[in-house]
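# Structural overview for review
Single-letter residue listing:
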Amino acid sequence: MKQPELYQNYTFLVYLNQSKETQLFWNKNKAILSNAFPHSKVYYADSTQTYYPIEAKTVVIIIGEDSSFHYTINQYKDLWKQVIFAFIPVTTSRLISRFSLPTQLNDHITLIKKQNHLFINILQCNHIDTKGFNRQTFVYNDVYFNRLHQTDRTIQNKPILSTFSKEEQIYQGEYCWGGAFLGDSLIANLALTHTNYFHYNQFLYIQVNKKSFCDYLKLHTILKKQKTIQNQNLLCLTSNFMSLYETRANTLIYADDILIGTFPLTLRLMKQACRLITPFAAETKKTRVYRSKSVPVSAISK
């Protein structure tokens, strides 16, 4: 079997101003990475999403925190099919457990040079941004909203949520919180362990409508026993397209732990949208199902 051609170009996107951890990591390991990938380009990126010129057939190595990966896939959507992304986290990262990424720098270097990669799913979210404009955001892990954390709720201002899956209305009424997930759903520091949806045809959607189901240990037990739930208390289902409309409130929506705006919200699965270097690429022929880890992951060694 003919081996795929390896890309010869490497570009670093270093989110240097994002955190002190990123600065420390880069200052300590810059020489090692430069020697490992000679003639590579380096751009110092930030959350303002300045666009840097990146050629096709390039391995784009992202260095930073999980939000760095989020900013990169949003900024460089036009290159999703033309480049391969690699991610070296500088601190504890959900991407480590979700894609079984190494925790040692030398292992990262070896993995990146092999360029084994998977096409991963992305969630396309259409919503109202924080400035009141229609916006499209691309999400690698989760979209989450929790009205119980809002400070402006009153008895007279109870939000009503209308939930549609594939254009069929499945719920209308008051709610507590909800979210769509491709990877770990970490809520109140409790991992709701479920199938890793990075290569499936659907994403997972959970919506809690009654406060009695906001006990996360109770919810964790229910979701372990039952795959699909649709009632007035709780929704748990898989879908590839959903629409959500909220009235009488402005509940905030977070994507990959980043505030993106408010409702209305549509969620569309983008199947095999972009490529990410991961050890899973060598395992796809062995099994089609992976489980997200429900324990904290260690930070990459510095």
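Above this text you will find the structure in question.
Parameters at a glance
- Residues numbered from 1 in each chain as written.
- Predicted model: local features only at pLDDT ≥ 70, side-chain atom pairs only at ≥ 80, totals over all residues.
- Heavy atoms only, no water.
- Helix = DSSP H or I, 4+ residues; strand = E, 2+ residues; numbered from the N terminus.
- Buried < 20%, exposed > 50% of the residue type's maximum accessible area, 1.4 Å probe, protein only.
- Contact = heavy atoms within 4.5 Å.
- Polar contact = N/O pair within 3.5 Å; in protein donor to acceptor, adjacent residues only side chain to side chain.
- Arc of directions from axis to C-beta.
- Pairing = 2+ DSSP bridges.
- Phe/Tyr/Trp six-rings, centres within 6.5 Å; stacked < 30°, edge-to-face > 60°.
- Lys NZ or Arg CZ within 6 Å of the ring centre and 35° of its normal.
- Axes fitted to C-alpha atoms, helices over the stretch in contact; angles between N-to-C directions.
- Left-handed = near helix turned anticlockwise from the far one by under 90°.
- Nonpolar A, V, L, I, M, F, W, Y, C, P; charged D, E, K, R; others polar.

## A word on the environment of Asn 9
- Inspection of the secondary structure assignment puts Asn 9 in strand E1 (residues 9-14).
- Of the residues examined, Asn 9 reaches a relative accessible area of 34% and is grouped as partly exposed.
- It is 8.6 Å that separates the C-alpha atoms of Asn 9 and Val 60, two residues lying 51 residues apart in sequence.
- Setting aside its immediate chain neighbours within four residues, Asn 9 contacts Glu 55, Ala 56, Lys 57, Thr 58 and Val 59.
- A polar side-chain atom of Asn 9 sits 3.5 Å from a polar atom in the side chain of Glu 55.

## Looking at helix H4 (residues 105-114)
- Every buried residue of H4 is accounted for by Leu 105, His 108, Ile 109, Leu 111 and Ile 112. Along the axis of H4, the buried residues cluster in a sector spanning 165°; they form a single face. Residues Asn 106 and Lys 114 are exposed on H4 and point more than 90 degrees away from its buried face.
- Those residues of H4 hidden inside the fold are in contact with E1, helix H1 (20-36), strand E3 (58-64), strand E4 (83-89) and strand E18 (258-277).
- Once H4 ends, the next one or two residues include Gln 115, with phi positive near 60°.

## Comments concerning the pairing of strand E16 (residues 241-247)
- The buried fraction of E16 is high, at five of seven residues.
- Of the pairings in the sheet, the one linking strand E8 (residues 160-165) to E16 comprises six bridges and is antiparallel in character. Bridging from a neighbouring strand, Ile 160 pairs with Thr 247 of E16.
- In the sheet, E16 pairs with E18 via four bridges, with the strands oriented antiparallel. Bridge pairing in E18 links Leu 244 to Leu 265.

## Points about the packing of aromatic side chains
- Counting across every chain of the model gives 15 aromatic pairs.
- Look at Phe 69 and Tyr 140: their rings are 5.3 Å apart centre to centre, the planes differ by 85°, and that puts the pair in the edge-to-face class. Taken together, the positions of Phe 69 in helix H2 (residues 66-75) and Tyr 140 in the loop between strand E6 (134-139) and strand E7 (142-146) put the pair 71 residues apart, joining distant regions of the chain. Judged on exposure class, the residue Phe 69 and its partner Tyr 140 are both buried.
- Ring geometry for Trp 80 and Phe 138: centres 5.2 Å apart, planes at 80°, overall edge-to-face. Of the two residues, Trp 80 sits in the loop between H2 and E4 while Phe 138 sits in strand E6, which places them 58 residues apart along the sequence.
- Taken together through their ring pairs, the aromatic side chains of Tyr 10, Phe 12, Trp 26, Phe 37 and Tyr 44 make up a single cluster.
- Across the ring face of Trp 80, the terminal group of Lys 77 is positioned such that the distance to the ring centre comes to 5.4 Å.
- Over the face of the ring belonging to Phe 37 we find Lys 113, whose NZ or CZ atom lies 5.9 Å from the ring centre.

## Things to note about the side chain of Glu 246
- As for its position among the elements, Glu 246 is in strand E16.
- Engagement of the side chain of Glu 246 in a polar contact is seen with the side chain of Tyr 175, the distance being 2.4 Å.
- Within the structure, the side chain of Glu 246 is placed 2.6 Å from the side chain of Thr 251, a separation counted as a polar contact.
- Not counting the four nearest positions on each side in its chain, Glu 246 is found in contact with Pro 159, Ile 160, Leu 161, Tyr 175, Thr 251 and Phe 263.

## Overview of the environment of Asp 129
- By the secondary structure assignment, Asp 129 is in the loop between strand E5 (117-128) and E6.
- Taking C-alpha positions, Asp 129 is 4.1 Å from Gly 261, a pair spaced 132 residues apart along the chain.
- In this view, Asp 129 contacts Arg 135, Ile 260 and Gly 261; residues no more than four positions away in its chain are not counted.
- From its side chain, Asp 129 meets the backbone nitrogen of Lys 131 in a polar contact 2.9 Å long.
- A distance of 2.9 Å separates the side chain of Asp 129 from the backbone nitrogen of Gly 132, its partner in a polar contact.

## Re the packing of H1 against H4
- Between H1 and H4, whose axes approach to 12 Å, the crossing angle comes to 35°. H1 and H4 meet at a crossing whose hand is right-handed. Here Phe 25, Asn 29, Ile 32, Leu 33 and Ala 36 of H1 come into contact with H4, specifically with Leu 105, Ile 109 and Lys 113.
- Its residues assigned to classes, the contact of H1 with H4 comprises six nonpolar, one polar and one charged.

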